[in-house]
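# Fold and contact review
For reference, the chains in residue letters:
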Amino acid sequence: MKKRFLIPLFCVALSTVFAQKPQKLTSNQIYEKVQKLNFLGSALYVAAHPDDENTRLIAYLANNVKARTAYLSLTRGDGGQNLIGPEIRELLGVIRTQELLAARGVDGGEQRFSRANDFGYSKHPDETLEIWDKDKVLSDVVWAIRTFKPDVIINRFNHRTPGTTHGHHTSSAMLSMEAFDLAGDKTKYPEQLKLTSTWKPNRLFFNTSWWFYGSREKFAKADKSKMLNFDIGVYYPLKGLSNNELASIASSQHLCQGFGRVSTRGSQTEYVEFLKGEFPKDKKDIFSGINTTWNRVEGGGEIGDILYDIEKNFNFVNPSKHLPKLLEAYTLVEKLKDAHWREIKTKQLKTIIEACAGLYLEASANQSSSTPNSTIEVAIEALNRSEVSMDLVSITMMPSKSKIAKSLNLLPNKKETFKAVVAIQNLSFSSPYWLNSPWDLGMYKVANQEMIGKPETPRPLQIEFNLIVEDIPITITKNIVRRYSKRDKGEIYEPFEVLPKVTTKLKNKVIIFSDSKAQMIHVDVRSGAKNVAGEVSLNIPKGWKVSPERINFNIEQKDDKQTVSFLVTPSKNQSEGKVAAVAKVAGKTFDKELVEINYNHIPKQSVLLPSEAKVVRLNIKKEGKEIGYIQGSGDAVPESLRQIGYKVTEILPEEITNETLSKFDAVVIGIRAYNTKKALQFKQKHILAYVKNGGNVIVQYNTNRRVDIKPPYKLKLSRDRVTDENAKVTMLAKEHTVLNFPNKIETTDFEGWVQERGLYFPNEWGDEFTPILAMNDKGESSKKGSLLIAKHGKGNYIYTGLSFFRELPAGVPGAYKLFANLLSVKNK
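Bear in mind that the values here come from a model prediction, so they are computed numbers and not experimental data.

Helix and strand counts for the protein chain come out as 17 helices and 43 strands. Here the C-alpha radius of gyration of the protein chain, 29 Å, is about what a compact globule of 828 residues would show, namely 28 Å. Considered along the principal axes of its C-alpha atoms, the protein chain spans approximately 85 × 75 × 55 Å. Contacts in the protein chain between residues at least 24 apart in sequence constitute 74% of all its contacts with a sequence separation of at least 6. In the protein chain, 118 side chains carry a positive charge and 93 a negative one; their mean positions are 3 Å apart.

So this is what it looks like as structure tokens:
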């Protein structure tokens, strides 16, 4: 289902509501691209996660300085939370990758990554670099520097303060410091040099601010002799926006992290502290002393003479007047000996030539996906909206390289259309490349060196438009897309995907067997083509049984589904394992699930993952049956509770009344509900009345900033957390009913937890609360606020920062037993 959000719109069409549509440049935007064309300097910004980046500085460098600017995020943010939907872990990483690309589409930057997996909060870089595999991530940072070739590198975080902030943050700065020197050393990671060359950046900075000093007063007194500063509130008349407005809009693309915000404007100072390299002569110019003109490259002087004149005398009314000179510069750029700048400036010039000519080129498939070794029909459109002489000589279908001669004279404003049949050879599926191989806690596995760092998988099919413009041959490449319309939505663009002929999906990702009774496991079989027939079977753990062994399917329509059901009998004793759905068609095996992610602010994503589910044979007891669930930012706890036999009703905050709550045996409030659902502030009286009258309320974690959860007694949230999922757990209240009824909780029930124990624990509470558990990370004091229970009237008010929202969907047996006890406290 498509999800929609309201986000800021502005007149220069930088909004990503229509993120999938091709960009059509105005005269102002063309001029800005000419300015950027005439700047030969690059800056690389380095941090750990999506939303770590300082969009103010990236926007300033890209739009005011005109530098080629990229953000290297070491991770894709897989370990964060999701405020807009149920996707977590690797699927959240896919969303956050696209949000970063959307942000760069606004602030003018580019995007890079490493193979590091965001495994969750880390308190020290020692832990981070051990889990990440330091050498591999360091090699990725070196690779980013060698391929992007920045003159300037800027770290978001301070490398000198390990243990004072997120370990990923400090690690990103430490690795950048080390890679700054290694990138120029040919003895380091020599295998990379088959594909690129060494590179020595000119200087390295730390993007400091008062925050790193603890207060504005301390920062005001700090020694700034090694600092540069810039007013990043500069106004861009061509955009009608200030730089910090642009930055706010870019930052607001991180919607899954709740970064939607109002824009800001006006003078604002940004500081960078010099760390390494050559200190700039001008402390107001981060590129001071670096040649960023066309004279930087051999043969560039003649090109600069042409392009500087175009910039100086740009024709905003009719940019096509510049085409003859732009084409002259294009032919010269193609002859540059410097391959790095030749590639960059050729690409930029093609974009400018295309825009100046008002040239519209499109290749739209008659379907949004197809399978390997099939064909699709593609509608080709070519339109020259200028007076220049232009011919479409041929089109080349990539990657097959098959060519169709056309010899069409593209007359001014006369649209040419035709259809082409494109053969999809035995191509790889177009899923996010870093998810193609099994990954581990700290690292994704990417075998192809050239793919490492790319933000996304390159599109599988392209059309090359081979043109002659004013007697100059030029080829412009367009991805094949799917363009169509819906009456209630208008024109829609979607990426074209190459997908399997068959995908399967187990309807539940974790299946709990709370006793020895057999259960039906349902598998959706989805066809990626017409008239697909075959059989599907289940691979099950040893000691389990499945009936029947296989089931035939026959699906006539593409994208249609057929559901088949297997009766699975668990082992007699408590155990866990995986079941995998496997389809066979014409002797070929298909074992992937297709996950489609479709939000308005990012392009539609098609993700292929192993079609499997965790199964758990669990000896668990329950009391009560009817559970009310008030969702917060979104989690899969309701479905997890249904797995063990509870009837869960999800309640909107607006629906909360004394009468509504009275029918439930317990009420659970979802993660970050008080952070995200303001209506709860006005419904708290009903929630507390429910407790007072004998109800049992479980409040899951909320962040501690600007929130009032309105508990019945004193309770202060903090940033206390235990990030080690294997940290020792001590039972403080061994006789309390929550540890004994209806399930006896043992220390073994805290084994097998994932990512963390919990987060945002309270650190102060009234005497009415009983702390149940204690735990801590290595070298830290004991944290006793993970689970607090207070009697209130006839019922119980429970606050927990334990990460049930991760543990239950992961099928952790002990987490299920403990949560069942939480739901049952009032019954004993």
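Next comes the rest of the write-up.
What follows is about the side chain of Gln35. Of note, Gln35 is situated in helix H1 (residues 27-37). Using a relative accessible area of 16% as the deciding quantity, one classes Gln35 as buried. Within the local environment of Gln35, its side chain forms a polar contact with the side chain of Lys66, the two groups lying 3.1 Å apart. Contact partners of Gln35, with chain neighbours within four places excluded, come to Lys66 and Glu311.

Scanning all chains against the criterion turns up 48 salt bridges. As a salt-bridge pair, Lys604 and Glu596 come within 3.7 Å of each other at their nearest N and O atoms. Lys604 sits in the buried class, given a relative accessible area of 14%. Residue class for Glu596 comes out partly exposed when judged on its relative accessible area of 34%. What emerges from the salt-bridge pattern is a single network uniting Glu494, Arg526, Lys558, Asp559, Glu596 and Lys604.

Below, the discussion takes up the packing of aromatic side chains. Tallied over the entire structure, the rule returns 22 aromatic pairs. A centroid spacing of 6.2 Å and a plane angle of 70° characterise the contact between Phe769 and Tyr797, whose relative ring orientation is edge-to-face. In this pair, Phe769 is assigned in strand S40 (residues 769-771) and Tyr797 in strand S43 (residues 795-800), connecting sequence segments 28 residues apart. Here Arg721 stacks its cationic end above the ring of Tyr121, 4.1 Å away from the centre of that ring. Across the ring face of Trp753, the terminal group of Arg757 is positioned such that the distance to the ring centre comes to 5.5 Å.

We now examine the packing of helix H2 (residues 55-65) against helix H8 (residues 243-251). For the pair H2 and H8, interaxial distance at closest approach is 8 Å and the crossing angle is 120°. Between H2 and H8, the interaxial angle falls into the category oblique. Seen from above, H2 lies across H8 with right-handed handedness. Contacts between H2 and H8 involve Thr55, Arg56, Ala59, Tyr60 and Asn63 from the former and Asn243, Leu246, Ala247, Ala250 and Ser251 from the latter. Classifying every residue of the contact of H2 with H8 by side-chain character gives 5 nonpolar, 4 polar and 1 charged.

To describe two helices that pack against each other, one gives the angle between their axes and the distance between the axes. Remark: H1 packs on helix H9 (residues 300-312), axes separated minimally by 10 Å, with the N-to-C direction vectors making an angle of 145°. In the crossing of H1 with H9, the sense of the turn from one axis to the other is left-handed. Here Tyr31, Val34, Gln35 and Leu37 of H1 come into contact with H9, specifically with Leu307, Ile310 and Glu311. Among the residues making up the contact of H1 with H9, the classes are represented as 5 nonpolar, 1 polar and 1 charged.

A few words now on the sheet that holds strand S5 (residues 203-206). Overall, mixed pairing links the 7 strands, which are arranged S3-S2-S1-S4-S5-S9-S6 in an open sheet. If you trace the sheet from one side to the other, it starts and ends with strand S3 (110-113) and strand S6 (227-231), each paired once. Geometrically, the sheet is characterised by an average inter-axis angle of 30° between neighbouring strands, direction not taken into account. Note that S5 and strand S9 (residues 269-277) share 4 bridges and pair antiparallel. Residue pairing for S9: Arg203 is matched across the bridge by Gly277. Against the sheet, helix H3 (residues 89-107) engages strand S2 (68-73) and S3, with an angle of about 150° to S3. Set on the sheet, helix H5 (residues 134-148) makes contact with strand S1 (42-47), S2, S3 and strand S4 (152-155); between it and S2 the angle comes to about 170°.

Reading the values: the criteria
Residues numbered from 1 in each chain as written. Predicted model: local features only at pLDDT ≥ 70, side-chain atom pairs only at ≥ 80, totals over all residues. Heavy atoms only, no water. Helix = DSSP H or I, 4+ residues; strand = E, 2+ residues; numbered from the N terminus. Rg over C-alpha atoms; globule rule 2.2 N^0.38 Å. Contact = heavy atoms within 4.5 Å. Lys, Arg positive; Asp, Glu negative; His and termini not counted. Charge placed at Lys NZ, Arg CZ, Asp CG, Glu CD. Buried < 20%, exposed > 50% of the residue type's maximum accessible area, 1.4 Å probe, protein only. Polar contact = N/O pair within 3.5 Å; in protein donor to acceptor, adjacent residues only side chain to side chain. Salt bridge = Lys/Arg side-chain N within 4 Å of Asp/Glu carboxyl O. Phe/Tyr/Trp six-rings, centres within 6.5 Å; stacked < 30°, edge-to-face > 60°. Lys NZ or Arg CZ within 6 Å of the ring centre and 35° of its normal. Axes fitted to C-alpha atoms, helices over the stretch in contact; angles between N-to-C directions. Parallel < 35°, antiparallel > 145°, perpendicular 65-115°, else oblique. Left-handed = near helix turned anticlockwise from the far one by under 90°. Nonpolar A, V, L, I, M, F, W, Y, C, P; charged D, E, K, R; others polar. Pairing = 2+ DSSP bridges.

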